[in-house]
2 protein chains.
Amino acid sequence: MGMNYSKIANWIIAEDSFNPETLGKCEAIMSLGNGYLGVRSATEEHYLNETRGMFVAGTFNKFDKNEVTELPNAADLIAVDLFIDGERFALDSGKIESYTRELNIKTGVLSRSTVWTGSSGKKVNAKFERIVSLKRLHTIAQRITLSFSNDVTVKIHSGIDGTMTNTGSQHFSDGDKRFYDKKYIQYVQETTQSGIAFVETAVHELRLDDNLLEMPAEVFIERRKVYAGYTIEVKSGQILVIEKYSNIYTTRDKGYKEKDIHEMQEISLDACKTDIQTGYDALVAESAAQWGKEVWDKAPISIEGVKDAVIDEFAVHFAQYHMRLMVPSHDNRMNIGAKGLSGEGYKGHTFWDTEIFLLPYYIFTDPHTARKLEEYRYLSLPGAHAKAKHNGYKGAMFPWEAAWLDDGEVTPEYCDVDILTGKPVKVWSGFIEQHITSDVAFGVWQYAVITGDEDFMEQYGYELIMDTAIFWASRLEEGKDSKYHINDVVGPDEYREHVNDNAFTNYMAHWNMKKAMEYYHILKDKKPEIFARLDKKFKLDEAYKTWEDRCRKIFLPVPNNENVLPQDDRYLSCKDIDLEKYKKQEHVGGITRDYNLEQINQIQVSKQADCLVLFFLLENEFSQEVKKASWAYYEKRTLHDSSLSFSTHSVLASDMGKKKLAYNLFKKASMIDLGTFMGSSNAGIHAASFGGVWECVVYGFGGVRMLDGKLRIRPTLPDEWNKLSYTIIWKGQKLAVKATKNGIDVQNLTKTAEVEVEINGEVCVL
Amino acid sequence: MGMNYSKIANWIIAEDSFNPETLGKCEAIMSLGNGYLGVRSATEEHYLNETRGMFVAGTFNKFDKNEVTELPNAADLIAVDLFIDGERFALDSGKIESYTRELNIKTGVLSRSTVWTGSSGKKVNAKFERIVSLKRLHTIAQRITLSFSNDVTVKIHSGIDGTMTNTGSQHFSDGDKRFYDKKYIQYVQETTQSGIAFVETAVHELRLDDNLLEMPAEVFIERRKVYAGYTIEVKSGQILVIEKYSNIYTTRDKGYKEKDIHEMQEISLDACKTDIQTGYDALVAESAAQWGKEVWDKAPISIEGVKDAVIDEFAVHFAQYHMRLMVPSHDNRMNIGAKGLSGEGYKGHTFWDTEIFLLPYYIFTDPHTARKLEEYRYLSLPGAHAKAKHNGYKGAMFPWEAAWLDDGEVTPEYCDVDILTGKPVKVWSGFIEQHITSDVAFGVWQYAVITGDEDFMEQYGYELIMDTAIFWASRLEEGKDSKYHINDVVGPDEYREHVNDNAFTNYMAHWNMKKAMEYYHILKDKKPEIFARLDKKFKLDEAYKTWEDRCRKIFLPVPNNENVLPQDDRYLSCKDIDLEKYKKQEHVGGITRDYNLEQINQIQVSKQADCLVLFFLLENEFSQEVKKASWAYYEKRTLHDSSLSFSTHSVLASDMGKKKLAYNLFKKASMIDLGTFMGSSNAGIHAASFGGVWECVVYGFGGVRMLDGKLRIRPTLPDEWNKLSYTIIWKGQKLAVKATKNGIDVQNLTKTAEVEVEINGEVCVL
């Protein structure tokens with residue numbers, strides 16, 4: 001009981017039993033959205049342990065000086081409380097005869113059906129349906145269909161609830177509350193620090209046996225709440241339909257530079273009128289069509305095979321579903337949060353997850369959206385400059401966690417508790433997890449090469465590469481050995497703080513400067529105007545000289561005698577302990593309940609892939625021997641306490657021909673949110689892991705890689721699969737790849753230009 | 001089922017069934033406290049519709065500019081979540097075999113016993129007990145006693161929860177979280193605007209069959225939360241006792257002028273260590289003894305009679321219980337909130353309720369506390385001056401709603417919704433409900449006369465009377481009739497806004513100026529130093545001349561031909577409608593759902609007593625005929641939509657010899673919170689109505705009155721009572737009054753001085 005996979009062939013993930021203690025799971029993994037708006041799938045009725053959440057991309061607010069800016073939890077529009085002859089409809093009391101909750105990821109429709117008998121013996125047959133429109137970015141539509149075993153009085157209490165908080169932090173000032181035409185209710189709230197006004201409007205339509213009920217709402221206006229009440233007599237066998245149409249607008253929306261709340265109140269009210277006129281069925285059809293257009297027809301993936309192949313296919317579709325929900329493709333001033341828009345976790349902040357785990361999917365399937373994600377980095381350069389300056393460096397030092405464009409670094413300084421001292425634990429990432437800067441540069445380069453978008457490079461890309469390279473040149477520290485080192489950092493493996501010469505960090509810094517040098521020549525030779533512009537900004541000749549010097553003398557860790565690349569200068573000499581206990585634990589972070597971080601720093605243990613990510617990104621820099629030996633060495637010391645870890649391991653296992661292992665690791669990656677463990681998604685889905693799932697399939701099994709500027713396709717299907725089909729866009733040409741055990745077929749569907757692809761070792765022109 | 005009065009002879013009010021939809025009632029009426037601290041009696045386990053609340057007197061905070069300052073809801077210390085073999089202990093699921101919740105008002109102990117079987121069939125016998133110490137103002141102690149039908153694993157999750165809000169408004173910044181000795185947990189939070197730090201510490205002690213369990217807590221530190229977790233194997237028949245000792249300190253506490261959070265963290269931790277060492281039983285005994293000392297032995301009241309006499313006695317004890325909970329007798333910088341410390345309602349603000357409804361109880365039973373309440377008014381004079389100045393007046397214009405000393409007027413500007421326009425309704429009280437200023441003066445005078453506390457008068461009282469009289473002189477408006485009017489006010493009856501010459505307001509303003517003139521002579525003649533000090537401030541001779549002129553020419557409404565005193569210049573000419581519907585409604589304010597306030601203003605309808613309060617305060621100013629005719633006229637037009645209304649009517653009915661009516665109205669007054677209606681106390685108890693209950697008994701039936709500076713006792717017992725005994729303190733002498741149907745006995749228990757009393761028309765010296 002719990003998650004049910006029996007309908008996944010129909011694109012449906014289901015929950016087949018109701019447990020009021022594990023509500024967070026489906027709230028997050030079944031969440032709805034469209035990149036502008038994300039709504040956790042909390043139920044219509046309230047429960048004690050629910051976590052209602054509605055987030056609008058980019059609407060960051062800082063509660064006070066002790067907290068970091070975060071995405072605020074907007075006033076709830078979803079709740080509809082039902083009272084049947086005075087008894088609250090709630091599945092944690094009474095008796096449930098049948099229950100199922102389903103998310104259809106193809107259409108974006110959430111539905112829930114139950115037959116429930118209250119303690120008074122009255123039975124209700126209830127169906128709840130809901131969408132967040134992918135077509136009308138501000139619109140939510142709900143339908144509730146009820147019938148009863150007895151004649152009953154149904155009371156409906158439904159509206160807009162602004163008492164929502166982010167775990168107690170209230171980000172909004174209470175604002176105007178209105179009702180119009182005895183029917184439309186409206187609530188205005190405004191973020192306390194960033195001053196963003198949110199306007200929400202909702203309206204209800206009731207039908208009894210298809211007859212419209214024209215009763216006025218009883219309206220309740222309270223502190224932070226506007227509610228409508230309806231009381232309806234329903235006879236046994238009659239069908240009562242309740243529809244709720246609601247929407248949300250904010251002054252951070254594009255086009256609202258000059259905020260005029262009154263105007264937005266009118267827009268919101270008008271939109272609500274249009275939506276109710278359009279009707280629920282038409283809104284659903286329109287939104288489902290948009291899902292086809294934007295995702296399923298645009299970037300189809302299919303997997304055929306035995307056993308679990310159908311769930312594997314669903315898993316990658318599920319990843320695509322969530323990658324559409326989380327991405328603000330409508331606005332380049334925003335980026336993707338580590339939990340998407342599905343929960344408070346990580347506060348809506350953007351990490352390296354975007355470039356390293358998610359960007360490949362968007363680049364290869366939706367380059368316009370990918371471009372916006374990198375434009376965001378360009379627009380937030382002022383914060384990166386400020387951070388560099390604050391730390392005594394030059395150039396662009398990107399924040400480890402990023403929020404609004406001018407926020408700069410927003411990583412919280414403390415979290416959790418030290419199990420030894422009883423004091424809060426300092427989070428060092430915001431200070432010294434510096435590899436993010438080369439990750440951003442890497443993302444820019446990836447985007448540019450795969451799309452061939454020279455306009456982006458000229459406007460933003462070259463500058464980003466130069467600016468980040470300048471940072472690294474200033475960041476390097478000359479050692480007594482006359483080599484340049486990067487000391488006191490956190491690498492991707494966050495169980496190791498204050499390390500020197502983290503392999504990932506050093507190699508990527510080196511790559512970043514090398515790339516800048518390469519572009520220096522290209523610009524100087526071929527784009528003198530761009531060169532001139534950037535030269536004015538950066539003094540490129542001088543910068544070039546510094547890069548040259550730094551690249552020559554930077555310390556790049558070399559593999560030891562066993563071909564293992566040292567993760568940092570101390571890792572290999574730390575003590576080994578038995579990690580079996582933690583490897584087996586279903587929850588993550590178990591080791592931190594036995595050791596504090598200082599102690600963990602003395603153990604050969606990794607939270608997540610570190611060197612292995614480096615092998616993945618700079619595939620051609622390392623020999624197969626080094627990769628294999630390092631893989632073997634680190635994997636057994638890696639607890640995969642980060643959701644980013646499995647997919648990296650899986651893709652590399654595919655590369656190394658470890659098919660079985662690659663598949664097993666893919667299964668683990670794909671089940672992070674989708675699996676049966678009910679506790680892991682409470683704070684929101686794991687955004688980057690969805691990118692990882694796509695990478696396992698298309699990069700790992702599908703064998704796609706951009707290497708040194710060239711496209712390579714070299715599939716290695718797992719034994720369980722017979723056929724894998726997918727599309728990728730390479731330099732504007734959409735390629736359809738069909739890989740089977742016996743061969744591969746690649747077609748250029750666009751055919752407006754020829755492209756060169758290395759397919760299974762052979763260079764082809766399509 | 002619901003409230004149960006079977007144990008009231010033992011000072012116990014009980015609830016004998018559990019209803020998760022009406023939790024607010026017992027949370028409020030069974031709340032615990034000590035004047036420093038008030039805690040709503042939410043259950044240990046959580047429910048959806050609970051309203052947890054813990055308030056520390058005087059710790060006001062303003063969420064933002066759109067809201068008014070209010071008493072913030074501090075981090076919860078009460079919750080203890082229990083999981084029995086993984087199932088949450090919660091009475092809204094599973095099966096309840098027996099249930100009772102009891103508040104013993106004599107000892108201040110709240111207890112709850114239940115036998116409950118979870119859905120897994122495991123039966124638990126649970127008893128929950130709790131006190132807020134009256135002896136140690138910062139201390140809360142809880143004990144949970146559990147036994148089970150099966151061998152079970154019990155998980156305890158208990159700590160400090162700072163996600164509490166005031167209906168969504170978060171008043172605190174998240175602060176330091178600690179644990180000490182693997183056992184004590186501590187949380188610091190700080191109000192966002194007023195900067196008051198709260199430190200809370202909690203610790204648990206567990207015993208299994210009387211053996212102390214020495215296990216370390218598993219500690220969870222999250223956003224705004226610090227929790228301890230324990231897992232215990234309990235065999236069938238074993239008794240598991242869980243004790244939780246917790247406390248709260250704030251930087252607003254007296255003696256913390258220079259706030260040092262670190263020092264307070266130590267004090268709080270040390271106090272927690274002392275409390276756990278003292279132990280639950282000793283803390284209960286000590287606190288119960290303090291209840292005797294401070295209340296039951298100090299101000300005993302007993303009622304003997306037939307039928308309901310036992311509940312009548314309990315009702316007045318219940319009033320005394322709550323009047324101790326609500327009064328900050330430890331600190332003169334604070335006053336009483338309209339809901340005491342038992343809920344968010346009225347935001348902890350102080351109204352005229354203090355002087356007109358509550359003060360008499362404290363003056364006659366606990367003059368030290370009464371003095372502090374009036375010192376508070378003196379200390380908040382700067383705000384009253386500012387308000388006068390802001391409105392173009394002179395002197396002291398007291399705020400309709402008052403909070404911290406320098407807050408000035410804190411009445412919210414909007415509330416509720418206009419049923420016609422759909423827009424928020426403006427609250428006019430803060431602007432034009434001005435009688436509060438003479439109410440304060442009246443309180444000062446009452447206190448001074450009844451206690452004979454000349455020191456208070458010299459330090460504060462004379463000045464308050466002069467300052468308020470100066471306000472009134474400047475407030476009066478000269479009309480075309482050459483009379484002085486007070487136009488555009490709200491009188492005590494808040495259903496009538498923007499009225500002219502409200503009788504209560506005009507007569508009390510007149511009284512206030514007259515009193516100032518009287519004191520002018522006394523000071524000039526007998527206290528030249530005080531006179532000189534005040535003269536310097538007020539230019540008394542000039543002020544006197546103005547008062548004289550105003551008093552001569554002020555318009556004082558006179559009774560019409562039917563002896564009815566017009567409540568204001570328009571009341572008697574407004575239209576009469578059938579009010580039966582609203583008079584019958586169990587909830588208040590029903591008329592506002594049919595008419596908006598503008599419409600109500602055109603109807604002869606009163607929310608509450610208005611002229612009648614005037615008759616009560618200035619008893620000797622009006623003839624019996626006028627009182628009777630007015631009583632009859634207004635009572636049938638009064639909806640008693642204010643809890644202040646019944647007691648005034650009851651006392652006056654007693655005065656007029658309407659014994660039956662007086663008793664019926666007393667019953668209504670006494671059942672406002674104590675009665676069976678489950679919906680009325682959610683936002684907190686009705687503080688003033690408790691004063692009203694005491695007034696019904698001691699003023700109404702007991703016949704006590706201070707009239708023109710003299711004590712009068714003239715009991716008129718209701719037919720249901722045989723004997724009424726009470727004590728009052730008159731000019732420092734404690735008098736014990738025993739009234740029966742046949743006579744009266746009054747003894748001076750103090751006997752350090754002689755006092756003159758008019759008893760049943762005869763002047764006696766005791």
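Residues numbered from 1 in each chain as written. Chains lettered and ligands numbered in written order. Predicted model: local features only at pLDDT ≥ 70, side-chain atom pairs only at ≥ 80, totals over all residues. Heavy atoms only, no water.

Draft legend 1. Layout of the pairing of strand S6 (residues 80–84) of chain B. Residues and elements named next belong to chain B. Of all the five residues making up S6, five are buried; the element is thus mostly covered by neighbouring parts of the structure. Burial of S6 is two-sided: the residues Val80, Leu82 and Ile84 facing one way and the residues Asp81 and Phe83 facing the other way are all buried. Pairing geometry for S6 and strand S12 (residues 152–161), over five bridges, is antiparallel. Along S12, the bridge assignment pairs Ile84 with Val154. (Buried < 20%, exposed > 50% of the residue type's maximum accessible area, 1.4 Å probe, protein only. Helix = DSSP H or I, 4+ residues; strand = E, 2+ residues; numbered from the N terminus. Pairing = 2+ DSSP bridges.)

Draft legend 2. Fine view of the interface of chain B and chain A. Taken together, the contact between chain B and chain A spans 48 residues of the former and 48 residues of the latter. When chain B packs against chain A, close to 3400 Å² is buried across both sides, 47% of that on carbon and sulfur atoms. Our count for the chain B to chain A interface comes out at 12 salt bridges. Residues B:Arg88 and A:Glu21 are paired through a salt bridge, measuring 2.7 Å at the closest nitrogen-oxygen approach. In terms of residue class, the side of chain B that touches chain A is built from 12 nonpolar, 16 polar and 20 charged. (Contact = heavy atoms within 4.5 Å. Buried area = accessible area lost by both parts, 1.4 Å probe. Salt bridge = Lys/Arg side-chain N within 4 Å of Asp/Glu carboxyl O. Nonpolar A, V, L, I, M, F, W, Y, C, P; charged D, E, K, R; others polar.)

Draft legend 3. Seen up close, the relation of the copies chain B and chain A. Note on the copies: chain B fits chain A at an RMSD of 0.0 Å, the axial shift is 0.0 Å, and the rotation between them is 180°. As the rotation angle and translation indicate, the two copies are arranged about a two-fold axis. Minimal C-alpha distance to the rotation axis in chain B is attained by B:Leu48, lying at 2.3 Å. Most of the interface of chain B is mirrored in chain A, where 100% of its interface residues are also at the interface. (Least-squares fit on C-alpha atoms with pLDDT ≥ 70 in both.)

Draft legend 4. Quick peek at the sheet that holds strand S5 (residues 54–56) of chain A. Residue and element names in this part refer to chain A. Pairing is antiparallel in the open sheet, where three strands are placed in the order S3-S4-S5. A single partner strand is all that each edge strand has here, and the edge strands are strand S3 (32–33) and S5. Note: S3 against strand S4 (residues 37–39), two bridges, orientation antiparallel. Residue Leu32 lies in a different strand from S4, and its bridge partner there is Val39.

Draft legend 5. Looking closely at the packing of helix H18 (residues 645–655) of chain A against helix H19 (residues 659–674) of chain A. All names here are of chain A. Closest axis-to-axis distance for the H18/H19 pair is 8 Å, and the angle between their directions is 155°. With respect to their mutual orientation, H18 and H19 come out roughly antiparallel. Like other packed secondary-structure pairs, H18 and H19 cross with a definite hand, here left-handed. In contact with Phe646, Ser647, His649, Ser650, Ala653 and Ser654 of H18, H19 contributes Leu661, Ala662, Leu665, Phe666, Lys668, Ala669 and Ile672. Its residues assigned to classes, the contact of H18 with H19 shows eight nonpolar, four polar and one charged. (Axes fitted to C-alpha atoms, helices over the stretch in contact; angles between N-to-C directions. Parallel < 35°, antiparallel > 145°, perpendicular 65-115°, else oblique. Left-handed = near helix turned anticlockwise from the far one by under 90°.)

Draft legend 6. Region of interest: helix H2 (residues 261–278) of chain A. All names here are of chain A. With 18 residues, H2 extends 25 Å from end C-alpha to end C-alpha; this agrees with the ideal 26 Å at 1.5 Å per step. For H2, the set of buried residues is Met264, Gln265, Ser268, Leu269, Ala271, Cys272, Asp275 and Ile276. One side of H2 holds all its buried residues, which, seen down the axis, span an arc of 160°. Structural note: H2 exposes His262 and Gln277 on the side pointing more than 90 degrees away from its buried face. Residues of H2 that are buried in the fold lie against strand S11 (139–148), strand S13 (172–180), strand S14 (184–191), strand S15 (197–208), strand S19 (240–250) and helix H3 (280–296). Once H2 ends, the next one or two residues include Gly279, with phi positive near 90°. (Expected span 1.5 Å × (residues − 1). Arc of directions from axis to C-beta.)

Draft legend 7. Here's a closer look at the domain arrangement of chain A. Residues and elements named next belong to chain A. Structurally, chain A comprises domain 1 (3–296) and domain 2 (298–356 + 643–766). Taking the mean C-alpha position of each, domain 1 and domain 2 sit 32 Å from one another. When the two sides are added together, the surface that domain 1 and domain 2 hide from each other amounts to roughly 3700 Å², 64% of it contributed by carbon and sulfur. At the boundary of domain 1 and domain 2, one finds two salt bridges. Close ionic contact of Glu294 with Arg324 constitutes a salt bridge, the shortest N to O distance being 2.5 Å. Where domain 1 packs against domain 2, one counts 19 residue pairs in polar contact (both at pLDDT 80 or more). Among the elements of the structure, strand S2 (12–15), helix H1 (23–29), S3, S4 and H3 are those that each provide at least two residues to the side of domain 1 that touches domain 2. Residues that form the side of domain 1 that touches domain 2 fall into these classes: 25 nonpolar, 14 polar and eight charged. (Domains from an automatic or database assignment. Polar contact = N/O pair within 3.5 Å; in protein donor to acceptor, adjacent residues only side chain to side chain.)

Draft legend 8. A look at the sheet that holds strand S12 (residues 152–161) of chain A. Read across the sheet, five strands follow the order S7-S6-S12-S18-S17 (chain A) without closing on themselves; strand pairing throughout is antiparallel. Each having just a single partner strand, strand S7 (87–88) and strand S17 (218–222) of chain A make up the two edges of the open sheet.

Draft legend 9. Just the nonpolar core, in detail. Ranked by size, the top nonpolar core spans 215 residues in total, and within it B:Trp352, B:Tyr362, B:Trp547 and B:Trp721 carry the most contacts. Taken domain by domain, the makeup of this core includes at least three residues from each of domain 1 (3–296) and domain 2 (298–356 + 643–766) of chain B. Setting aside anything within four residues of it in sequence, one finds B:Trp352 in contact with B:Phe357, B:Trp400, B:His435, B:Ile436, B:Asp439, B:Pro492, B:Phe504, B:Gln608, B:Val613 and B:Leu644. Of all hydrophobic cores here, the second largest spans 214 residues; its members include A:Val219, A:Ile303, A:Tyr321 and A:Ala441. (Core = buried A, V, L, I, M, F, W, Y, C linked by side-chain atoms within 4.5 Å.)

Draft legend 10. Focus on a negative patch on the surface. Residues and elements named next belong to chain A. Taken together, the side chains of Asp260, Glu263, Glu266 and Asp270 define an acidic patch exposed on the protein surface. Mapped onto the elements, Asp260 comes out in the loop between S19 and H2. A residue is classified by how much of its surface remains accessible, and Asp260, at 34% relative accessible area, is partly exposed. (Patch = residues over 30% accessible without salt bridge, like charges linked within 9 Å, V, L, I, M, F, W, Y side chains within 5 Å. Areas by Shrake-Rupley, 256 points an atom, 1.4 Å probe, with all protein chains shown as cover. Lys, Arg positive; Asp, Glu negative; His and termini not counted. Charge placed at Lys NZ, Arg CZ, Asp CG, Glu CD.)

Draft legend 11. Just the environment of A:Arg712, in detail. Residues and elements named next belong to chain A. Along the chain, Arg712 turns up in strand S26 (residues 710–713). Judged by relative accessible area, which is 4%, Arg712 ranks as buried. For Arg712 and Gly761, which are 49 residues apart along the polypeptide, the C-alpha to C-alpha distance reads 7.9 Å. Here Glu619 takes part through its side chain, which lies 3.0 Å from a polar atom of the side chain of Arg712.

Draft legend 12. Spotlight on the pairing of strand S10 (residues 123–132) of chain A. Residues and elements named next belong to chain A. Burial of S10 is extensive: seven of the 10 residues sit out of reach of the surface. In the sheet, strand S9 (residues 109–117) pairs with S10 via eight bridges, with the strands oriented antiparallel. By the bridge assignment for S10, Ser113 is matched with Lys127. Hairpin connection between S9 and S10: a loop of five residues separates the two successive antiparallel strands, and Gly121 in this loop has a positive phi of roughly 90°. Sheet topology places S10 next to S11; nine bridges connect them, and they run antiparallel. What sits directly across from Val124, in S11, is Phe148. The antiparallel pairing of S10 with S11 creates a hairpin that spans six residues between the two strands.

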